[in-house]
Amino acid sequence: MPNLKEKEIENNETINFEYITSYLEKYAGKQYYGPQKQQANSSEMAEFKEHGRKAIHEFRKYIEIIASNTGYIVDTSNNWINQAQKGYSYFWGELKKHTAQEYPHSLSVAIYINSKNDSNDQIILSLSVETKDTKSKPSDYEFHNKIINFPIQQNTKIYYQADFNIGEQKNFRIEEYEEVKKALKSKIIKKLKVVRNVIGPYTKNNTSKIIQDSLEAAKELIPFYEYILQERGIDTSNKNGTNKEKVKMEDVRIGLNTILYGPPGTGKTYNTVSYAVALCDNEDLSSVKAKDYKQVLQRYNELVNEERIAFTTFHQSYSYEEFIEGIRPVIDNDINEDNPNIIKYELESGVFKDFCEKAGRAAIKSDRFQIAKDTKIWKVTISKDILQDCFKNNRIRIGFDINDNGANSFVNKINAGDIILTTDGSRWNINGIAIATSEEAYELDDVPSDKTTRNVTWLTCDIHEDISHLNKGLMMARYTVSRLPNMDVTELIEFAIQKNPELSKTQIESNNKPYVFIIDEINRGNISKIFGELITLIEDTKRKGMPEQISAILPYSGHKFSVPSNVYIIGTMNTADRSIALMDTALRRRFQFVEMMPDSNVLKKIGADKVDDLDVALMLNKINERITFLYDREHTIGHAFFTKLAHSPDIKTLELIFDKAVIPLLQEYFYEDYQKIQLVLGDNGKISDDLKFIQDEKIKVQNIFKGNIDDVVDLPEKKFKINKIAFSNIESYKQII
């Protein structure tokens, strides 16, 4: 913990708090118009602007004083108007330990209008231990909420402030500690803060006392902030600020939406494995990269099998229907026994929507039943005559023989752990909810009809309930056995709990585990066509559960859909195909971009930097230096093309790399301008033509064309050819340098 200085403002600097409070009282929520707007009263707007600038200047002076006395730095603070050009109702700033800037936790300072009427104060100044919502992912909230384990001492002015998932905020006294702890355990609290108010009056003449009280508040709150950092593995006692796990300061803070971009062969797709594992396992990226890649890849494949990582590649034909949802033809064997190959059209979720539904699916725990991880919901019609038998004997019977086409879904598609709703033929009402417990159907021998049977556990039975509100207002299909794709599992289980008190101990836990969706070659697809309305929903502040969450009505199903806040999107982008400047603007501002350029040091680390006495790393650097000069840095040659040399550091491997990768790339980059390719490969300065990868010779025009061609302009003076002999000569490569 930093040593708070007792000198307190040696220069006797004062803060004009009246500028701050009067601005908040007069201009909070008020619309500001620039001088070019006709609506603007120029003198009034000029006063608005001047007042705002003075207020924010005084506030920043105030938090800089706190920062200098705590040894922290001011990381961010707001302005006097927001993006909608309206006056802020608060001023706010983050103080952070300089080694923890990439994390969203902070010691925050805020002065704001009290809109809750929970005290007599119209303006409140407070310090708190906070985590910034727009920068926090689920794992950050988990670390932050461990603050409950660092108890508030008695005889203090600190209190708890909880932000609930439903959007409400509530303050708790120390005496209500157990209530707060219980609410955190039940996961109804999204974020817990510890807060201390600084009492006014907020005036220039009271500056000294306000600063003194603020530093006292900071002194009490800093242990809570540093406790969170310690939980994350940051050694807060180390003055040089190194992490216990030696996390590099340049380590990337992975955002919800990230694109790895760079020239070909820089390891973009290769690195998505490390990014995905780091996110899913809540590890720092640098610590994952420090591990053996085979170990990381093994963990990656485990996460793929757990369906927490998914991978797709965009291309020119990729569509919204494949990514979000669409109508697709399927062969249905249940409709007609005489003609089993009937084609019908079904609405199916695309890969991203399906992935989001899995990520947002709650975990349902009960000692009475077990639901499959990928559970499906079915409707089965049961004859009234056998209904009580089914309820009594924990089974479901249908009127088709086990080999009939009409029984195909019942026999072959329903799996153990699937949910089955039973009806007597009604398309609105159900009479029972069950969980399939057997993998296979069977036939009963001791009953005269409806012999085809599956064993179940009844969650609730012998009811008569309209469930159209759970089915998006739609009727159930008329077939004996049919899927109910519009129903939500969690809503259905909650409905069953209401109908059966014996299920009251069932636990429904929200899924906060990180999920990672990887999109390779993201820039090759038509972004507006693929993402559609989801381009707004993927914003970190618009995700499900965030304060500004948004849902959209999907055009095919008509259902509301939002993207969970625990879904991370990692894209890769080849800058040789398209630069960032040409990216879809809507996509570009919703992603953070991580540049991945050629790095010859990688070759040195893996032992791929030498072939005999040729310095491959130096050769690559020289090639890229020339490409950057002749073209640009986005069309350089990646180090990944040369990693094969780690296992086979010989001329044959190098020959293959140049012949099959480097030369074709250079031909593409320079549109077969072989003179520039010669410059890149140093052929213009080689001592022998035999060492040139690209050979040239003068053209004797009169030997090619008939007649007089003196008036023809722009005829080439040279012709070029690729010299295959040079590829097998180590000297050809040495003279590139």
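Preceding this paragraph is the structure being described.
Remember, predicted model here, so these are calculated numbers, not experimental data.

## Let's talk about the packing of aromatic side chains
Logical step 1: Evaluated as defined, the whole model comprises 38 aromatic pairs.
Logical step 2: Measuring from ring centre to ring centre gives 6.1 Å for Phe59 and Tyr62, while their planes differ by 55°; the resulting arrangement is tilted. One end of the pair is Phe59 and the other is Tyr62, both in helix α2 (residues 42–70) and 3 residues apart, which spans about a single turn. By the burial criterion, Phe59 is buried, and Tyr62 matches it.
Logical step 3: Relative to Tyr515, the ring of Phe355 lies with its centre 5.8 Å away and its plane at 75°, an arrangement referred to as edge-to-face.

## Notes on unusual backbone geometry
Logical step 1: Between Gly200 and the following residue, Pro201, the backbone shows a cis peptide bond with an omega angle of 10°.
Logical step 2: Within the element layout of this structure, Pro201 appears in the loop between β7 (189–198) and α5 (207–231).
Logical step 3: Of note, Asp450 is a non-glycine position whose phi angle comes to about 50°, a positive value.
Logical step 4: One can find Asp450 in the loop between β17 (442–443) and β18 (452–466).

## Some words on the sheet that holds strand β2 (residues 90–96)
Logical step 1: Spatially, 7 strands are ordered β1-β2-β3-β4-β7-β5-β6 in an open sheet, and the strand pairing comes out antiparallel. The open sheet is flanked by β1 (73–77) and β6 (169–172), the only strands paired with a single partner. Taken pair by pair, the neighbouring strands of this sheet meet at an average axis angle of 30°, ignoring direction.
Logical step 2: Judged from the 4 bridges that link them, β1 and β2 form a sheet pairing that is antiparallel. Pairing of Ile73 across the sheet is with Lys96, part of β2.
Logical step 3: Across the sheet, α5 touches β2, β3 (105–113), β4 (123–131) and β7, and the angle it forms with β7 is around 155°.

## Here's the deal with the packing of α2 against α5
Logical step 1: Two numbers describe how α2 lies on α5: the axes approach to 10 Å, and their chain directions differ by 50°. Judged by the angle between their axes, α2 and α5 are oblique. Viewed along their axes, α2 and α5 form a crossing whose handedness is right-handed. When α2 is examined against α5, the residues Tyr62, Ile65, Ile66, Asn69 and Thr70 are found in contact with a partner set consisting of Ile210, Ile211, Ser214, Leu215, Ala218 and Ile222.
Logical step 2: Across the contact of α2 with α5, the residue classes tally to 8 nonpolar, 3 polar and no charged.

## Quick word on the nonpolar core
Logical step 1: Among the nonpolar cores identified, the biggest contains 60 residues, and Tyr23, Phe59, Tyr62, Phe91, Val109 and Val194 are the most heavily contacted of them.
Logical step 2: A total of 11 residues in this core trace back to one element, the largest contributor, which is α5.
Logical step 3: Non-local contacts of Tyr23, meaning those with residues more than four positions away in its chain, are made with Ala28, Phe48, His51, Gly52, Ala55, Trp80, Ile81, Gly87, Tyr88 and Phe91.

## Here's the deal with the sheet that holds strand β9 (residues 309–313)
Logical step 1: Taken together, 5 strands build an open sheet; the order of strands is β9-β21-β24-β8-β25 and the sheet is parallel. Two strands close off the open sheet at either side, each with one partner strand: β9 and β25 (592–595). Across the sheet, the mean angle from the axis of one strand to that of its neighbour is 20°, orientation sign disregarded.
Logical step 2: Sheet topology note: the strand β21 (residues 515–520)/strand β24 (residues 567–574) ladder contains 5 bridges and is parallel. Paired with Ile518 across the bridge in β24 is Ile570.
Logical step 3: Of the strands in this sheet, β8 (257–262), β9, β21, β24 and β25 are in contact with helix α6 (residues 268–280), which crosses β24 at around 165°.

## Focus on the side chain of Glu94
Logical step 1: Examined against the element boundaries, Glu94 turns out to sit in strand β2.
Logical step 2: Buried charged residue Glu94 carries no salt bridge. Nearest counter-charge: Lys96, at 4.3 Å.
Logical step 3: Residues within four places of Glu94 in sequence aside, it is in contact with Ile73, Val74, Asp75, Thr76, Pro104, Ser106, Leu107, Ser108 and Lys132.

## Some details on the pairing of strand β5 (residues 159–164)
Logical step 1: Extensive coverage of β5 is indicated by the burial of 6 of its 6 residues.
Logical step 2: Here β5 shows no split at all, with Tyr159, Gln161 and Asp163 on one side and Tyr160, Ala162 and Phe164 on the other all buried.
Logical step 3: Summarising the sheet, β5 and β7 pair through 6 bridges and their orientation is antiparallel. The residue of β7 that forms the bridge with Tyr159 is Val195.
Logical step 4: Pairing geometry for β5 and β6, over 4 bridges, is antiparallel. Looking at β6, one finds that Gln161 is bridged to Asn171.
Logical step 5: Counting the residues between successive antiparallel strands, the hairpin from β5 to β6 contains 4 residues, one of them, Gly167, with a positive phi of roughly 105°.

## Brief notes about helix α10 (residues 351–359)
Logical step 1: Among the residues of α10, Phe352, Lys353, Phe355, Cys356 and Ala359 are the ones counted as buried. Mapping the buried residues of α10 onto a view down its axis gives an arc of 160°, with all of them on the same face.

## Some points on the pairing of β2
Logical step 1: Summarising burial for β2: 6 of the 7 residues are buried, a large majority.
Logical step 2: The pairing of β2 with β3 spans 6 bridges and is classified as antiparallel. From the neighbouring strand, Tyr90 faces β3, where its bridge partner is Tyr112.

What counts and what doesn't
As a convention, each chain's residues are numbered from 1 in the sequence order in which they are written. Predicted model: local features are reported for residues with pLDDT of at least 70 only, side-chain atom pairs are reported and counted for 80 or more only, and whole-chain, interface and lining totals are derived from all residues. Hydrogens and waters are ignored; side-chain quantities use all the structure's heavy atoms. Only rings of Phe, Tyr and Trp enter the pairing, Trp through its six-membered ring, and a pair is recorded when the two centres are within 6.5 Å. The plane angle decides the type: under 30 degrees is stacked, over 60 is edge-to-face, the rest tilted. Here a strand is any run of E in DSSP of at least two residues, a helix any run of H or I of at least four, and the numbering for each starts at the N terminus. The rule is simple: take the accessible area with a 1.4 Å probe, protein chains only, and divide by the maximum for that residue type; under 20% is buried, over 50% is exposed, in between is partly exposed. A pair of strands is treated as paired once DSSP finds two or more bridges between them. Fitting a line to C-alpha atoms yields each axis, with helices limited to the stretch in contact; the angle taken between N-to-C directions then spans 0 to 180 degrees. Note on contacts: a residue pair is in contact if any heavy atoms of the two residues lie within 4.5 Å. If an angle is under 35 degrees, it is roughly parallel; if it is over 145, roughly antiparallel; if it lies from 65 to 115, roughly perpendicular; otherwise it is oblique. By the definition used in this description, the sense in which the near helix is turned from the far one sets the handedness, with an anticlockwise turn below a right angle giving left-handed and a clockwise turn giving right-handed. The nonpolar class holds Ala, Val, Leu, Ile, Met, Phe, Trp, Tyr, Cys and Pro. Asp, Glu, Lys and Arg form the charged class, and all remaining residues, Gly among them, are polar. By nonpolar core we mean a set of buried residues, namely Ala, Val, Leu, Ile, Met, Phe, Trp, Tyr and Cys, connected to one another through side-chain atoms within 4.5 Å. Positive charges come from Lys and Arg, negative ones from Asp and Glu, while His and the chain ends are left out of the count. Only one rule defines a salt bridge in this text: a Lys or Arg side-chain nitrogen within 4 Å of an Asp or Glu carboxyl oxygen. The directions considered for the arc are those from the helix axis to the C-beta atoms.

Spatial relationships are all this shows, so hold off on functional conclusions.
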